[in-house]
Amino acid sequence: MSRSALRVSLLLLAVLGRAGAGSEHVGQDPPHSSEQGPGHSHWSYEDVEHWGVVYPDCARTSQSPINIDVAKTIFSPHLRPIQLSGYSLPANQKLKLSNNGHTVVLELPESLAITGGYAQQYRAVQLHLHWGSLMGPGSEHTISGHRFAAEIHVVHYNTKYESFQKAMVQPDGLAVLGAFLEVGPRENPYYQEIFEHLNEIEAEGEEVMVSGFNIAGLLPANLKFYFHYNGSLTTPPCYQTVKWTVFNQTVLISREQMSTLARSLRNEDSEPLQNNYRPVQGLNGRWVLASFQTTLSVEKPIPPGRDGSATTEGHSSSSFHAGDVLAVLFGVLFAITALAFLLYIYKHRSQNARLDSPTKSKVIYTAASTENTV
Ligand SMILES: [Zn+2]
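Reading guide: rules and limits
- For every chain, the first residue of the written sequence is number 1, and numbering continues from 1 onward in sequence order.
- Note on the predicted model: pLDDT of at least 70 is required for a residue's local features to be given, and 80 or more for side-chain atom pairs to be given and counted; whole-chain, interface and lining totals, by contrast, use all residues.
- Neither water nor hydrogens contribute to the side-chain values; these are computed over all heavy atoms in the structure.
- Only strands joined by at least two bridges in the DSSP assignment are considered to pair.
- Counting from the N terminus, the helices are the DSSP runs of H or I reaching at least four residues and the strands are the DSSP runs of E reaching at least two.
- By definition, a salt bridge exists where a carboxyl oxygen of Asp or Glu is found within 4 Å of a side-chain nitrogen of Lys or Arg.
- By convention a nonpolar core is built from buried Ala, Val, Leu, Ile, Met, Phe, Trp, Tyr and Cys residues, the set being connected through side-chain atoms within 4.5 Å.
- Categorising residues by exposure relies on relative accessible area from a 1.4 Å probe, with only protein chains included: less than 20% of the type maximum marks a residue as buried, more than 50% marks it as exposed, and the intermediate range marks it as partly exposed.
- We call two residues contacting when some pair of their heavy atoms lies within 4.5 Å.
- Patch membership requires more than 30% relative accessible area and the absence of a salt bridge. Residues of like charge join within 9 Å; the nonpolar side chains Val, Leu, Ile, Met, Phe, Trp and Tyr join within 5 Å.
- Each accessible area value is a Shrake-Rupley result obtained with a 1.4 Å probe; residue values ignore everything except the protein chains displayed when judging cover.
- Note on charges: Lys and Arg go in the positive column, Asp and Glu in the negative column, and His and the chain ends are not counted at all.
- Where a charge lies is defined by one atom per residue type, namely NZ (Lys), CZ (Arg), CG (Asp) and CD (Glu).
- Centres within 6.5 Å make a pair out of two Phe, Tyr or Trp rings, where for Trp the six-membered ring is used; the pair is then stacked when the planes are under 30 degrees apart, edge-to-face when over 60, and tilted otherwise.
- For every residue, the predictor assigns a confidence score, pLDDT, that lies between 0 and 100.
- Note on terminology: disulfide denotes any pair of cysteine sulfur atoms within 2.5 Å.

A.B. asks: Is there a simple way to think about the sheet that holds strand β1 (residues 67-68) in this case?
C.D. replies: Whether parallel or antiparallel, the strands of a sheet pair through hydrogen bonds between backbone atoms. Spatial ordering of the open sheet is given by β1-β8-β9, a layout of 3 strands whose pairing is mixed. Edge positions in the sheet fall to β1 and β9 (146-147), since each has one partner strand and no second. As paired strands, β1 and strand β8 (residues 142-143) are joined by 2 bridges and run parallel to one another. When the bridges of β8 are listed, N67 appears paired with T142.

A.B. asks: How should I be thinking about the pattern of salt bridges in this particular structure?
C.D. replies: Note that side chains of opposite charge can pair when their charged atoms are close. Summed over all chains, the structure comprises 7 salt bridges. Through salt bridges with shared partners, a single ionic network connects K96, E107 and E207.

A.B. asks: Help me understand the nonpolar core in this model?
C.D. replies: As a rule of thumb, nonpolar side chains are buried together in soluble globular proteins. By size, the foremost hydrophobic cluster in this structure holds 47 residues, and its most contacted members are L106, I152, I194 and I215. No other element matches strand β7 (residues 122-131), which puts 5 residues into this core. Setting aside its immediate chain neighbours within four residues, I194 contacts L97, V104, L106, L127, F213 and L218. In this structure, V125, M168, L233 and V246 belong to the second largest nonpolar core, which totals 24 residues.

A.B. asks: Any chance you could explain a negative patch on the surface here in plain terms?
C.D. replies: On the surface, a cluster of negative charge is contributed by E46, E268, D269 and E271. Owing to a relative accessible area of 30%, E268 belongs among the partly exposed residues under this scheme.

A.B. asks: Please explain the packing of aromatic side chains as it appears in this structure.
C.D. replies: Within a pair of aromatic rings, the relevant descriptors are the distance that separates the centres and the angle that separates the planes. What the rule picks out here adds up to 10 aromatic pairs. Three or more aromatic residues joined by ring pairs make a cluster, and in this case those are W43, Y45 and W51.

A.B. asks: I'm lost on the confidence of the model for the protein in this one. Help?
C.D. replies: Close inspection of predicted coordinates is inappropriate in any region flagged by low pLDDT. For the protein, the average pLDDT comes to 80, and 68% of its residues sit at 70 or higher. Below pLDDT 50 for its whole length, residues 1-39 participates in 87 contacts with residues either more than four positions away or in separate chains. The low-confidence segment residues 298-323, where pLDDT is below 50, has 28 contacts with residues more than four positions distant or belonging to other chains.

A.B. asks: Could you clarify how one ought to interpret the pairing of β7 in this entry?
C.D. replies: A regular strand carries its side chains on alternate faces of the sheet. β7 sits mainly inside the fold: 9 of its 10 residues count as buried. The sheet contact formed by strand β5 (residues 104-107) and β7 spans 3 bridges and is antiparallel. Bridge pairing links E107 to Q126 in β7. Sheet analysis places strand β6 (residues 113-116) next to β7, joined by 2 bridges and oriented antiparallel. Residue A113 lies in a different strand from β7, and its bridge partner there is R123. Linking β6 to β7, which pair antiparallel, is a turn of 5 residues; within it G117 sits at a positive phi near 105°. Where β7 meets strand β10 (residues 150-158), 9 bridges bridge the pair, whose relative direction is antiparallel.

A.B. asks: Can you help me understand the side chain of N276 in this one?
C.D. replies: Note on placement: N276 falls in the loop between α5 (255-264) and β16 (289-290). With near-sequence residues (within four places) excluded, N276 lies in contact with Y45, H102, T103, L129, H130, W131 and E140.

A.B. asks: Explanation requested: unusual backbone geometry in the structure shown.
C.D. replies: For residues besides glycine, phi is generally negative; the peptide bonds are generally trans as well. In this structure, the amide linkage connecting S64 to the following residue, P65, adopts the cis form with an omega of 0°. Note that P65 resides in the loop between α2 (51-54) and β1. Residues P236 and P237 are joined by a peptide bond in cis, for which omega reads 10°. In this structure, P237 sits in the loop between β13 (226-231) and β14 (242-247). For C238, which is not glycine, the phi dihedral falls at a positive 60°.

A.B. asks: Mind showing me how you'd approach the state of the cysteines here?
C.D. replies: Two cysteines joined by a covalent bond between their sulfur atoms form a disulfide. The tally for this structure, following the rule as stated, stands at 1 disulfide. Each sulfur in the disulfide pair C58 and C238 lies 2.0 Å from the other. Negative torsions about the S-S bond denote left-handed disulfides, and the value of about 85° found for C58 with C238 makes this one right-handed. One end of the pair, C58, is in the loop between α2 and β1; the other, C238, is in the loop between β13 and β14, with 180 residues separating them in the sequence.

Structure, rendered in structure tokens:
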């Protein structure tokens, strides 16, 4: 009994400790940012390691992007499908498309909103892209070390704040939807609505008005499967105010479209605007939640020939779900069974003693009722 109780206590402590650390981090940090608006600043991806000198938040510990190690994500059944409203725009509604020297930005009307999947409501502000070059991929987030060809970010702010500018400095101010772009067999008509205008905004600061279309077409069809974590704007000022959603399903565009994206724009030095992604940042204890049960998150044998510490970590983390929870469950069941058994013994001993000592009858009654409920 005492040994099982000790085991259960230790397991409970371990699990509660980890769960506490997780929720604390998830609640605390969130974010993202080429979403600055017109105010232009003179940072570049070439001095990405020094952003923190001028923008101190860039040197903090809950930054984005990150590598999402799928085996270490935590399945959360509470993460509901992302729901969008107002994303389908009529062609007569014109949107500003611009080259800000860091990326291509499509400004979005406030009628676009996230209405499900987050605890609060968020309004859209703009979307933009990150990409590589003709030589290599350029997504910002990576999945278990894999970098995708490109990545779209749709930036929103919490409706409880008056404006994007006010929301971007609040811990729960921003929500960014991120999705990966890959090369597929066909031209993507939604992305073509943007790409066909890139030759009109080749130089930094140029802008053009484009016709409205179904903005949701730029995102994956499946908005149920995603990863969620708290991070930052991925460009200066790197505010740690973004609740990130990174979709599991990718979006396909044609090879020609990918090439158009990588070749069309120029930066402030009139050089090709390429590789506009920030290196992945440390997790520093943050947890990445998954809205779905990944096959990698179940306990499995440690693959041979991998880095020792990494596999050990991965193993303990992946066993959290199946392993630790089941261990606690069985531990508790074992404790209850042991308790019932002891009560049963106690009852019989008390019954035997009743002949000698009538005052124990009350205890016998209690023990019997406990036994009945077990
Ligand atoms: Zn971005």
